[in-house]
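A closer look at the structure
Each chain is listed here by its residues.
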Amino acid sequence: MRMKKLFAGALALSMSMSLVACGSSNTNPSTNENDGDPYAKFAGTTISVAAIETAYGTKMWEDVAAAFEKETGIKVKLTTEKNLEDVIGAAMQGGEFPDVIHLATGRPAGLTEQFIKDNNIAEITDVLSMTVPGEDVKVSDKIAGGFTDTSLTNPYGDGKTYLAPMFYSPCGLFYNQGLFEEKGWTVPTTWDEMWELGEKARAEGIYLFTYPTAGYFDAFLYALMYSVGGPEFFDAATHYEEGVWDTEEAKTCFEILGKLASYTNPITPAQANQQDFTQNQQLVLDNKALFMPNGTWIVGEMAPAPRAEGFKWGMTALPAVEKGGSGYSYTWFEQAWIPAGAENIDAGKLFLAFLYSDTACEIFANATDADGKPTPAIQPVKGIADKLTGDNVMFYSIYDNGAKAAMGNFAPFDAIPGIEVSGVFFEPINSLVSGKLTVDQWMADIKAASDQMRANLK
């Protein structure tokens, strides 16, 4: 299971702002400044790149680093580890930073979040106007729309970019398309249709819904907020605006959550943990639940699992609130960034720009794990779905089939003892499903926590 976006755990690495000053002062590199060799000024430079090792494996990073070296002449010292925070942590405490770090928000150690909170990430807005190494187009012309206009890349709301979007995965409701075809059921496009289907399924001993863990309610809740109130409500809610949870949009949002809890397979909360989450996912494969929120990695994750005869993966966006309204699919993506205290900021920016090249995108998309099994890492570049095959065509074309993209997350705030985003907004779903918590109690808790979050906004 990929690590969810949990604002959890106090980070032992609290970086002093005095370390920031050691970064390069030249923050506007150009790949067009020299008619002979555009990379001449980087002669003899070696950059340090640290990337989290996930299901995508290590070889793709090795190949991208080699391709970057061949294109620019800049050497790359690559570190890839599953416990990346532990590996690079001690050196960073001593003031020695990688020049580029690929490490998304949402990991339990919270390293990226801590750097954001401490303002220790270098601004990379100028990377968008850089020419992609080896090509004649700008980075901004390659990245798909919206990916650099979100709090996941622009965390301070100042119109500037600090984190580069990487490896995206549309999230939505996954289901057994084969079962729908067998029963003659239509995938709901509104919540009223969802409840109608829930009654049909219940009559046949099938629950409407399940979820792997409460952490998966981040993508679900974000898409739901967009669905009930559009980006305006989403922005207000994720920035803890006063009174936002008393609006009609908020009431609709939690009415849906409350009703959905009543249609959820009751075994779900007991299995919604790191050890047993695949058992909840198995409920869909066994036709014991119709829908579950998840991301495209689910196909590989459950590949060895048994399944009902005729099983076929399907994926849909969250339904619209009203007929004719918009359904939303949240896009989860990882991030790469440059520590403000890095030694080679300019060369690091050049590496970030190269990550959107056709060469790098092809390497990532054709990634395999140590056993040779395909583990494609899909970059958020325009037209990428046209180059994919199999289930990925369906997954990555979801926005071509009427769904709108939901992006962003809750705004960062200074640490508040006992209050974290996940514990306030996501984890209570377990208690709601088990009957230990009511919708009204949950909303009251959210209002109280939001007051403190708003008072401590970064």
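**Focus on the overall build of the chain**
- On a plain count of helices and strands, the chain comes out with 17 helices and nine strands.
- In terms of overall size, the chain behaves like a compact globule, its C-alpha atoms giving a radius of gyration of 22 Å where 458 residues would be expected to give roughly 23 Å.
- Structurally, the chain occupies a C-alpha span of about 70 × 50 × 40 Å along its principal axes.
- Taking the contacts inside the chain whose residues are at least 6 apart along the sequence as the reference set, 76% of them involve residues at least 24 apart.
- Of the roughly 18,600 Å² of accessible surface on the chain, a fraction of 47% belongs to carbon and sulfur atoms.
- Of the charged side chains in the chain, 32 are positive and 59 negative, and the gap between their average positions amounts to 3 Å.

**Details of the packing of helix 8 (residues 248–262) against helix 17 (residues 439–455)**
- The N-to-C vectors of helix 8 and helix 17 enclose an angle of 135°; their axes lie 10 Å apart at closest approach. Accordingly, the angle class assigned to the pair helix 8 and helix 17 is oblique. Here the hand of the crossing between helix 8 and helix 17 comes out right-handed. Here A250, F254, L257 and G258 of helix 8 come into contact with helix 17, specifically with V439, W442, M443 and I446.
- Looking at the contact of helix 8 with helix 17 residue by residue, the class counts come to seven nonpolar, one polar and no charged.

**Remarks on the layout of surface pockets**
- Computed from the structure, the largest pocket encloses a volume of approximately 1,100 Å³.
- Taken together, 41 residues line the largest pocket, and the ones lying closest to its centre are A55, Y56, W297, T375 and P376.
- Those elements that place two or more of their residues in the lining of the largest pocket are strand 4 (163–176), helix 11 (298–301), strand 8 (328–337), helix 13 (358–365) and helix 14 (391–396).
- Residue classes in the lining of the largest pocket are distributed as 19 nonpolar, 10 polar and 12 charged.

**What about the packing of aromatic side chains?**
- For the coordinates displayed, the defined rule picks out 43 aromatic pairs.
- Aromatic side chains F311 and W313 sit 4.9 Å apart centroid to centroid with 90° between the ring planes, which places their arrangement in the edge-to-face category.
- Sitting over the face of the ring of F413, K117 holds its NZ or CZ atom 6.0 Å from the ring centroid.

**Some details on the pairing of strand 1 (residues 46–52)**
- In terms of burial, strand 1 is a largely internal element, five of the seven residues being buried.
- As judged from the seven bridges shared by strand 1 and strand 2 (residues 75–81), these two strands associate in the parallel manner. Looking at the pairing, V49 lines up with L78 of strand 2.
- Handedness of the crossover joining strand 1 and strand 2 through helix 1 (residues 59–72) is recorded here as right-handed.
- Across three bridges, the pairing between strand 1 and strand 3 (residues 100–102) is parallel. Looking at the pairing, V49 lines up with V100 of strand 3.

**Focus: the side chain of T268**
- In this structure, T268 sits in helix 9 (residues 268–271).
- A polar atom in the side chain of T268 sits 2.8 Å from the backbone oxygen of N265.
- Not counting residues up to four positions away in its chain, the partners in contact with T268 are T210, Y211, N280 and L283.

**Concerning the environment of K59**
- Tracing the sequence through the fold places K59 in helix 1.
- Under the relative-accessibility criterion, K59 is labelled partly exposed at 49%.

About the thresholds
Residues numbered from 1 in each chain as written. Predicted model: local features only at pLDDT ≥ 70, side-chain atom pairs only at ≥ 80, totals over all residues. Heavy atoms only, no water. Helix = DSSP H or I, 4+ residues; strand = E, 2+ residues; numbered from the N terminus. Rg over C-alpha atoms; globule rule 2.2 N^0.38 Å. Contact = heavy atoms within 4.5 Å. Areas by Shrake-Rupley, 256 points an atom, 1.4 Å probe, with all protein chains shown as cover. Lys, Arg positive; Asp, Glu negative; His and termini not counted. Charge placed at Lys NZ, Arg CZ, Asp CG, Glu CD. Axes fitted to C-alpha atoms, helices over the stretch in contact; angles between N-to-C directions. Parallel < 35°, antiparallel > 145°, perpendicular 65-115°, else oblique. Left-handed = near helix turned anticlockwise from the far one by under 90°. Nonpolar A, V, L, I, M, F, W, Y, C, P; charged D, E, K, R; others polar. 1 Å grid on protein atoms, 1.4 Å probe; cavity = no way out; pocket = protein on both sides within 12 Å on 5 of 7 lines; lining within 4 Å. Points joined across faces, edges and corners; volume = space filled by probe spheres on them. Phe/Tyr/Trp six-rings, centres within 6.5 Å; stacked < 30°, edge-to-face > 60°. Lys NZ or Arg CZ within 6 Å of the ring centre and 35° of its normal. Buried < 20%, exposed > 50% of the residue type's maximum accessible area, 1.4 Å probe, protein only. Pairing = 2+ DSSP bridges. Right-handed = clockwise from strand over helix to strand, strands pointing away. Polar contact = N/O pair within 3.5 Å; in protein donor to acceptor, adjacent residues only side chain to side chain.

Honestly, that's just the spatial picture; any functional story needs more than this.
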